[in-house]
Amino acid sequence: MDQRLDVTDRIVSADLCTGCGACAALAPDKISFGISDDGFLRPEPAGVLPRKLARRVMDVCPGGGQVSEEEDADPLWGAFRAVYQGWAVDEALRHAGASGGALSAMCLWLLESGRVDGVVQITADRDDPIANRTVVSRTWEDVLSAAASRYAPSAPLLEVPALAQTGERYAFVGKPCDVAALRRWAAADADVKRAFPVLLSFFCAGVPSLAGAAEIVEALGVDADDVASFRYRGNGWPGKTEVTNLRGQVRAMTYHESWGGILSKKVQPRCRICADGTGTEADIAFADAWETDEAGYPLFEEQKGCSLIVARSSKGLGFLHSAKAVGVLEYTPIDPAEIAKMQPGQLRRRRELLGRLAGRVLAGLPLPKYRRMGIWACARDVPFRTTVRVALGMAHRCMLRRRSAK
């Protein structure tokens, strides 16, 4: 018996879609995939799916929830083997990267050591500079070109089926939700598991709509048709957001202005109730090792980049040691308690998640199915009035969005 695809009925219509592309990759003849009217990547079903395939899609789909396999994981930061602060030894990678270039350095070492044949990662779209495309990096130049954050929708999972049939091995670099989906996919598909032996991620505060980048372009006084390149971050730490027009003129704004003032307000709804912004399913997760002021707010003064590095698996820890031994990566161990100081935004998101989920319930919306994700434990240190305030705010925003969609 066939059935309609729950990705549309239960995920997309409930604002639970992450835009990862897994559904379209698993059912390419039944699901198209592209940019929606509000600037996010979304599936569009072209028919019904066989029940078995529909179940497989939903098993992989990260929008529907996440289950931690680590029963004794840290409630705030997930399971990890060690935590470091470091950077890429290669000065070009360190400068180009968004936060010290440690992720880029790891990609380079994996390639040069022969651990993988290619690195699946995201870079700027040639045809639309504010958008993203998925590439397979194989050289230093490829890795350098793809360095730095891209705060726009991306769907690297679309490439998984084709890459799994090449006979090559890849390191996969994706958002925490992408990595969680690929981890589940690989558990049920031997070809995928073999093709992607290394999963890398980064701390993520959400995926902004393409409308966010368009607003930046407009704020910098550049016509949308006159954009030759768009850089969200990098070339310094934190690096500026830069728009280059077709005549080579560059206009820029600070990271605080671009992310804090514009992009963070355009994040897709599912990201606001994410229980995993820190890549808990990855072998290694990377982030900004921000310095903060006395109030705990990150200092965004330009300086040499520094990465927070979280080794989550024994495999990942071994890779880090090997990369350091050959001089590709430099790092020193830090107390895991320092993560909260370096990433105060993630700390707040984790602690307020229970209130956000309660707000969706108040608005009559379904929730992702989370298990062993530390939600209740993280909320224990939050005053009850704060949880209520967050819940009411979320409920209000959800109801406003539902009204505007009618």
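See the structure above.
Read on for a plain summary of the structure. (Residues numbered from 1 in each chain as written. Predicted model: local features only at pLDDT ≥ 70, side-chain atom pairs only at ≥ 80, totals over all residues. Heavy atoms only, no water.)

Points about the overall build of the protein chain
Point 1. Helix and strand content of the protein chain: 16 helices and 17 strands.
Point 2. Here the C-alpha radius of gyration of the protein chain, 20 Å, is about what a compact globule of 406 residues would show, namely 22 Å.
Point 3. For the protein chain, the spread of C-alpha atoms along the principal axes amounts to about 55 × 50 × 50 Å.
Point 4. Sorting the 406 residues of the protein chain into buried and exposed places 54% on the buried side.
Point 5. Here the contacts in the protein chain between residues at least 6 apart in sequence split such that 72% fall between residues at least 24 apart.
Point 6. Surface summary for the protein chain: the accessible area is close to 18,100 Å², and the carbon and sulfur share equals 51%.
Point 7. Each charge class in the protein chain was averaged separately, 52 positive and 49 negative side chains, and the resulting centres sit 6 Å apart. (Helix = DSSP H or I, 4+ residues; strand = E, 2+ residues; numbered from the N terminus. Rg over C-alpha atoms; globule rule 2.2 N^0.38 Å. Buried < 20%, exposed > 50% of the residue type's maximum accessible area, 1.4 Å probe, protein only. Contact = heavy atoms within 4.5 Å. Areas by Shrake-Rupley, 256 points an atom, 1.4 Å probe, with all protein chains shown as cover. Lys, Arg positive; Asp, Glu negative; His and termini not counted. Charge placed at Lys NZ, Arg CZ, Asp CG, Glu CD.)

Comments concerning the layout of surface pockets
Point 1. For the second largest pocket, the calculated volume is near 760 Å³.
Point 2. Contributing to the lining of the second largest pocket are 37 residues, with Q66, V67, S68, E69 and E281 lying nearest its centre.
Point 3. At the level of elements, α3 (51–60), β5 (65–67) and α8 (176–188) are the ones that each hand at least two residues to the lining of the second largest pocket.
Point 4. For the lining of the second largest pocket, the class distribution of residues is 13 nonpolar, nine polar and 15 charged. (1 Å grid on protein atoms, 1.4 Å probe; cavity = no way out; pocket = protein on both sides within 12 Å on 5 of 7 lines; lining within 4 Å. Points joined across faces, edges and corners; volume = space filled by probe spheres on them. Nonpolar A, V, L, I, M, F, W, Y, C, P; charged D, E, K, R; others polar.)

Focus on the pattern of salt bridges
Point 1. One pass over the structure, following the stated rule, counts 15 salt bridges.
Point 2. Salt-bridge contacts for K266 lead to E215; the nearest nitrogen and oxygen are separated by 3.3 Å. In this pair, K266 is assigned in the loop between α11 (255–261) and β14 (284–288) and E215 in helix α10 (residues 210–219), connecting sequence segments 51 residues apart.
Point 3. You can call E215 partly exposed: its relative accessible area is 32%.
Point 4. Here R351 makes a salt bridge to D381, at a shortest N to O gap of 3.8 Å. (Salt bridge = Lys/Arg side-chain N within 4 Å of Asp/Glu carboxyl O.)

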